[in-house]
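Secondary and tertiary structure notes
Here is what each chain is made of, one letter per residue.
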Amino acid sequence: DTSPKMIDNAAELAAGLVSVLAMAVSLTSKLPQIVTVLRVKSAEGLAPSSLYCACAAATAGITYHVRRDIPVTAWAERIFNLSQTTILILLLWWFSPRRMLEQAMLPLAGYVCLVAVL
């Protein structure tokens, strides 16, 4: 005989385990790229527009969840993803020619505007 309370507890446990697993995977999702860029001291092959879009999407998602008071365990992996994407953007700027740093000002200004609007 399975009581509804046992089913609810099992569902909560399963949801918690999935959340922890998602956070663990997201902790290392971009780590190989970061290590490679640092090892070869080059950001060649990284697509700036892709990184900028990923950063904006993660920021919008985090903002949405914070404003809706959704529990952090439901979206914490986005924080790890955003931090790794930000590291990749900084590495892209660091290892790119001077002209890339000048081109980075427009996406940076756009990001600041996005955060201000959200």
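A few points on the structure. (Residues numbered from 1 in each chain as written. Predicted model: local features only at pLDDT ≥ 70, side-chain atom pairs only at ≥ 80, totals over all residues. Heavy atoms only, no water.)

**Some words on the environment of tyrosine 52**
The residue tyrosine 52 is located in helix α3 (residues 48–67) in this model. Owing to a relative accessible area of 19%, tyrosine 52 belongs among the buried residues under this scheme. Residues tyrosine 52 and leucine 108, spaced 56 residues apart in sequence, show a C-alpha to C-alpha distance of 8.7 Å. Beyond its immediate sequence surroundings of up to four residues, tyrosine 52 is in contact with Ile89, Leu92, Trp93, Ala104 and Pro107. (Helix = DSSP H or I, 4+ residues; strand = E, 2+ residues; numbered from the N terminus. Buried < 20%, exposed > 50% of the residue type's maximum accessible area, 1.4 Å probe, protein only. Contact = heavy atoms within 4.5 Å.)

**Structural notes on the packing of α3 against helix α4 (residues 76–95)**
At their nearest, the axes of α3 and α4 sit 9 Å apart, and the two run at 150° to each other. With respect to their mutual orientation, α3 and α4 come out roughly antiparallel. The chirality of how α3 crosses α4 is left-handed. Contact residues: Pro48, Leu51, Tyr52, Ala54, Cys55, Ala58, Thr59, Gly61, Ile62 and His65 in α3; Arg78, Ile79, Leu82, Thr85, Thr86, Leu88, Ile89, Leu92 and Trp93 in α4. Partitioned by chemical class, the residues of the contact of α3 with α4 number 13 nonpolar, five polar and one charged. (Axes fitted to C-alpha atoms, helices over the stretch in contact; angles between N-to-C directions. Parallel < 35°, antiparallel > 145°, perpendicular 65-115°, else oblique. Left-handed = near helix turned anticlockwise from the far one by under 90°. Nonpolar A, V, L, I, M, F, W, Y, C, P; charged D, E, K, R; others polar.)

**Looking at the layout of surface pockets**
Put simply, the largest pocket is a space of about 250 Å³. Around the largest pocket, the lining residues are Tyr52, Cys53, Cys55, Ala56, Thr86, Ile89, Leu90, Trp93, Pro107, Leu108, Gly110 and Tyr111. Mapped onto the lining of the largest pocket, the elements with two or more residues apiece are α3, α4 and α6 (105–117). (1 Å grid on protein atoms, 1.4 Å probe; cavity = no way out; pocket = protein on both sides within 12 Å on 5 of 7 lines; lining within 4 Å. Points joined across faces, edges and corners; volume = space filled by probe spheres on them.)

**Brief notes about the nonpolar core**
In terms of nonpolar packing, the biggest core is built from 17 residues, with Leu46, Leu51, Tyr52, Ile89, Leu92 and Trp93 touching the most fellow members. Elements supplying a minimum of two residues to this core: α2 (31–40), α3 and α4. The residues contacting isoleucine 89, other than those within four sequence positions of it, are Leu51, Tyr52 and Cys55. (Core = buried A, V, L, I, M, F, W, Y, C linked by side-chain atoms within 4.5 Å.)

**Describing the state of the cysteines**
Going through the model one piece at a time under the given rule, you end up with zero disulfides. Looking at the unpaired cysteine 53, the closest cysteine sulfur is the one in cysteine 55, lying at 10.0 Å. Judged by relative accessible area, cysteine 55 falls into the buried class, the value being 7%. (Disulfide = S-S within 2.5 Å.)

**Thoughts on α4**
Its 20 residues place the ends of α4 29 Å apart at the C-alpha level, agreeing with the 28 Å of an ideal helix rising 1.5 Å per residue. Within α4, burial applies to Ala76, Leu82, Gln84, Thr85, Leu88, Ile89, Leu91, Leu92 and Trp93. (Expected span 1.5 Å × (residues − 1).)

**Examining the environment of glutamate 44**
Looking at where glutamate 44 falls in the secondary structure, it is placed in the loop between α2 and α3. Between the C-alpha atom of glutamate 44 and that of alanine 10, which follows or precedes it by 34 residues, the distance is 47 Å.

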